[in-house]
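Secondary and tertiary structure notes
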Amino acid sequence: MEFWNKDMETIGSGRLESHTVTHLKATVGRALRAPFYRKLLGDSGLSEASVTRPTDIDKFPFIDKDDLRKHEPADFLSVPMKQVVRMHSSSGTTGRPVVVFHTKYDIDQWTDLLARCLFMTGFRDTDVFQNMMGYGLFTGGLGFHYGAERVGALVIPAGAGNSKRQIMLMKQYSTTAVHIIPSYALHLASIFAEEGVDPRRDTKLARAYVGAEPHSEESRKKIEEFYGVDAFNSYGLSEMCGPGVAFECPEKNGMHIWEDRYLVEVIDPKTLTAVEPGVEGELVLTTLDRQAMPIIRYRTRDRVRLLADPCPCGRTHRRISRITGRTDDMLIIKGVNIFPVQVERVLMRTDGVGNNFLIDLDTVDHIDRMTVRVEGDSALFAADGGAARALEKRIVADLKSELLITPRVTVVPAGTLPAGEGKAVRVVDSRPKQ
Ligand code: ADP
Ligand code: ZN
């Protein structure tokens, strides 16, 4: 097994503990230079001296996206603006985008972390890497770009969209690895089919890095089968630099979350106390080595399970499960809690189902109604539509046993539902606001 940074990737628990204390202290010290934290921590008398062991994190207040949105980004700055070399922002999936500033050191550390992630999967300087994520403010573009360059690969900064050109680039420059949003990877599969290009036969693709949105194991399998690749789940958020926070190793049994760079907690979002390992809760992160904008106890809203059992790859950093969704992705339909990824899981394992779907929610006579529109293979629509009706019935039954409510299901021809280049919009909720 080769490592990018063996010392850090296989760090023992004792050394990780002292590393965490040193870096948490430094983070608190730096944070106190930022107006937001000077007030927040100062009011409760918290300082570097408050940290003597990792569990002292419990003394610190949580912050969330609203705190970042309510204040000016400069209020979080711990260094003079002169030292800031880059800004990024979140995608704004759930509201006003959050701006994050970086020093040269921050960019360097983030780049190194992505190189670590990529190298872990077998990515090397001989790879040709096509980055199909939006460049610009979105962190998925430049973040991976610099990481792949640091490993020494040839990087094609293709950006998002322009599907035919993506396929042309893959063929012409023998792309071996791609970074792609999973819903877009599924959409792109239909463009491959239209173009008569078979990725297994006509390209050299071997690896795909998929992330930035919740997706199921079933979607990963579909992507792996269609493209003939190993697909690795990649997790990150702009507030914590971007991608590189957690990443799958070749075992594909959860994502190693880099504990030398982030202090990890998983809490019950109601009681705000830690849940047991293996129990789903909200991921809370603290940056351990960021200069421009240190962030303490950030509630990500992302729902995960922490997997503490050792990984056969030899890396000691704990792992997180696939992300079920954000707390605010949770739909309450007829009193039942549902995550869109549960619907995706059922659809993507069903034969005859295509690559796209949409959940519509409305109310009829004050009762919630859920309608799932899903694209189906063209063969289904050939004769009298009987095959499509049969598929709809099967999906209704499968969704009912997964979700415990009975949705309506309509199978529609491929290419008829809206498909974006960025994070997929899976739900249209037209129910009156409470
Ligand atoms: P925004 O929060 O506006 O979407 P970001 O682009 O920073 O902005 O996205 C980060 C969020 O994307 C994460 O908090 C998480 O909800 C989601 N995300 C990122 N990677 C994954 C992944 N591999 N699986 C599921 N969700 C992910
Ligand atoms: Zn591993």
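Scroll up to find the structure this text is about.
Quick summary incoming for the structure in this document. (Residues numbered from 1 in each chain as written. Chains lettered and ligands numbered in written order. Predicted model: local features only at pLDDT ≥ 70, side-chain atom pairs only at ≥ 80, totals over all residues. Heavy atoms only, no water.)

1. Points about the sheet that holds strand E11 (residues 281–287)
Note on sheets: strands pair through backbone hydrogen bonds, and any given pair is parallel or antiparallel. Taken in spatial order, the four strands line up as E10-E11-E12-E15 in an open sheet, and their pairing is antiparallel. Strand pairing shows two members of the sheet lacking a second neighbour, strand E10 (262–267) and strand E15 (325–326), which therefore form its edges. In the sheet, E10 pairs with E11 via six bridges, with the strands oriented antiparallel. Directly across from Leu263, in E11, lies its bridge partner Thr286. (Pairing = 2+ DSSP bridges. Helix = DSSP H or I, 4+ residues; strand = E, 2+ residues; numbered from the N terminus.)

2. Examining helix H10 (residues 217–227)
The complete set of buried residues in H10 reads Glu218, Ser219, Arg220, Ile223, Glu224 and Tyr227. Along its buried surface, H10 packs onto helix H8 (182–195), helix H9 (199–202), strand E6 (207–211), strand E7 (230–237), strand E8 (242–248) and helix H11 (340–348). Looking one or two places after H10, you find Gly228, whose phi comes out positive at around 70°. (Buried < 20%, exposed > 50% of the residue type's maximum accessible area, 1.4 Å probe, protein only. Contact = heavy atoms within 4.5 Å.)

3. Description of the site of ligand 1
In the vicinity of ligand 1 there are 20 residues, among which Ser91, Thr93, Ser238, Asp302 and Arg326 approach most closely. Lys65 is positioned such that a nitrogen or oxygen atom in its side chain is 2.8 Å from an oxygen atom of ligand 1. In the environment of ligand 1, an oxygen atom lies 2.7 Å from a nitrogen or oxygen atom belonging to the side chain of Lys423. Protein chains bury 97% of the 560 Å² of accessible surface belonging to ligand 1 in isolation. Of all the elements, E7 adds the most residues to the shell around ligand 1, at five residues. (Near = heavy atom within 4 Å. Polar contact = N/O pair within 3.5 Å; in protein donor to acceptor, adjacent residues only side chain to side chain. Areas by Shrake-Rupley, 256 points an atom, 1.4 Å probe, with all protein chains shown as cover.)

Keep in mind that these numbers describe shape and distance, not what the molecule does.
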